[in-house]
Amino acid sequence: REMHALQALGAQLAELADKQFARIEFTDADLKEAIEFYRSLSSKKHEARRRQLQFIGKRMRNAEIDGLEAQLHRVQGLDQEEKRIHHQAEQWRTRLMGDPKSLTEFLTQFTGDAQRLNQLVRAAKKAADQGKDKGEARALYRAVFETLSH
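Parameters at a glance
- Residues numbered from 1 in each chain as written.
- Predicted model: local features only at pLDDT ≥ 70, side-chain atom pairs only at ≥ 80, totals over all residues.
- Heavy atoms only, no water.
- Helix = DSSP H or I, 4+ residues; strand = E, 2+ residues; numbered from the N terminus.
- Expected span 1.5 Å × (residues − 1).
- Buried < 20%, exposed > 50% of the residue type's maximum accessible area, 1.4 Å probe, protein only.
- Arc of directions from axis to C-beta.
- Contact = heavy atoms within 4.5 Å.
- Core = buried A, V, L, I, M, F, W, Y, C linked by side-chain atoms within 4.5 Å.
- Salt bridge = Lys/Arg side-chain N within 4 Å of Asp/Glu carboxyl O.
- Axes fitted to C-alpha atoms, helices over the stretch in contact; angles between N-to-C directions.
- Parallel < 35°, antiparallel > 145°, perpendicular 65-115°, else oblique.
- Left-handed = near helix turned anticlockwise from the far one by under 90°.
- Nonpolar A, V, L, I, M, F, W, Y, C, P; charged D, E, K, R; others polar.
- Phe/Tyr/Trp six-rings, centres within 6.5 Å; stacked < 30°, edge-to-face > 60°.
- Lys NZ or Arg CZ within 6 Å of the ring centre and 35° of its normal.

Student: Explain helix α4 (residues 46-60) to me, and be specific about the residues and the numbers.
Tutor: The end-to-end C-alpha distance of α4 is 21 Å, a good match for the 21 Å that 15 residues give at a rise of 1.5 Å each. What α4 keeps buried is the set R49, Q52, L53, I56, G57 and M60. Seen end-on, α4 carries its buried residues on one side only, within an arc spanning 150 degrees. Buried residues along α4 sit in contact with α1 (2-14), α3 (29-40) and α5 (65-98).

Here it is, written out as structure tokens:
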């Protein structure tokens, strides 16, 4: 059971997105290399992936499991937080483009560059009204996301 649990943890680490995997700090370089090799194997090579996963489980016997689990949960939690911020930024962008006066409310809740945000809101609203959005709405979204992230 313990070996299967170690393999399952190894599989979870291997299935992380590249951005998430880069955030994990491994104390055992061989373990990191084994997981990277597993990640590089084609999904069609079932037997090779199974054997590599067993090897990962074996390497994990010597690793700091608590530290890896904590990092895994932290990385997954950061992703949930980032998704929440993206959703919130999308809502604020829609709200700001619908009613530019809501910028005051946004700035009272979050600290940001009022002048830049005001310019972006006006440009996005004007482009939307003319039906010629050339990235203004996206620029506004990025600015709102940056403001919410800090």
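Student: Go over the environment of R74 with me, naming the residues and quoting the values.
Tutor: Mapped onto the elements, R74 comes out in helix α5. A relative accessible area of 42% means that R74 is categorised as partly exposed. Placed 54 residues apart in sequence, R74 and Q20 show a C-alpha to C-alpha distance of 9.9 Å.

Student: Quick one: what's the story with the nonpolar core, residue by residue and with numbers?
Tutor: In a soluble, globular protein the nonpolar side chains are often hidden away together inside. Counting 21 residues, the largest nonpolar core has L13, F26, L31, I35, I56, M60 and L68 as the members making the most contacts within it. Mapped by element, the contributors of at least two residues to this core are α1, α3, α4 and α5. Counting residues in hydrophobic clusters, the runner-up holds 19 residues, among them I85, W92, M97 and L103.

Student: Lay out the pattern of salt bridges with the relevant residues and their values.
Tutor: According to the stated counting rule, one finds 11 salt bridges in the structure shown. Here D28 ties to R59 by a salt bridge, and the two come within 3.0 Å at their closest N and O atoms. Here R59 lies in helix α4 and D28 lies in the loop between α2 (18-23) and α3, a separation of 31 residues in the sequence. Connected through salt bridges with shared partners, the residues D28, D30 and R59 form a single ionic network.

Student: Provide a residue-level description of the packing of α3 against α4, including the pertinent values.
Tutor: At their nearest, the axes of α3 and α4 sit 10 Å apart, and the two run at 165 degrees to each other. Judged on the interaxial angle alone, α4 and α3 are roughly antiparallel. As α3 packs across α4, the resulting crossing turns out to be left-handed. Residues D30, L31, A34, I35, F37 and Y38 of α3 touch α4, and the partners they reach there are R49, Q52, L53, F55, I56, R59 and M60. Tallied by class, residues from the contact of α3 with α4 come to nine nonpolar, one polar and three charged.

Student: Tell me about the packing of aromatic side chains, and please be specific about residues and values.
Tutor: Taken as a whole and assessed by the stated rule, the structure comprises five aromatic pairs. Geometrically, the ring pair formed by W92 and F106 is edge-to-face, given 4.9 Å between the ring centres and 65 degrees between the ring planes. One end of the pair, W92, is in helix α5; the other, F106, is in helix α6 (residues 103-109), with 14 residues separating them in the sequence. Look at F106 and you get buried, because its relative accessible area is 0%. Both rings, one in Y141 and one in F145, keep their centres 6.3 Å apart while their planes meet at 20 degrees; by these two values the pair is stacked. One end of the pair, Y141, and the other, F145, are both in helix α8 (residues 136-149), four residues apart, so they sit about a helical turn from each other. By relative accessible area, which is 7% here, Y141 ends up buried. One aromatic cluster is present, formed by W92, F106 and F110 through successive ring pairs. In this arrangement the basic side chain of R39 is found over the ring face of F21, its NZ or CZ atom lying 4.3 Å from the centre. Across the ring face of Y38, the terminal group of R49 is positioned such that the distance to the ring centre comes to 4.4 Å.

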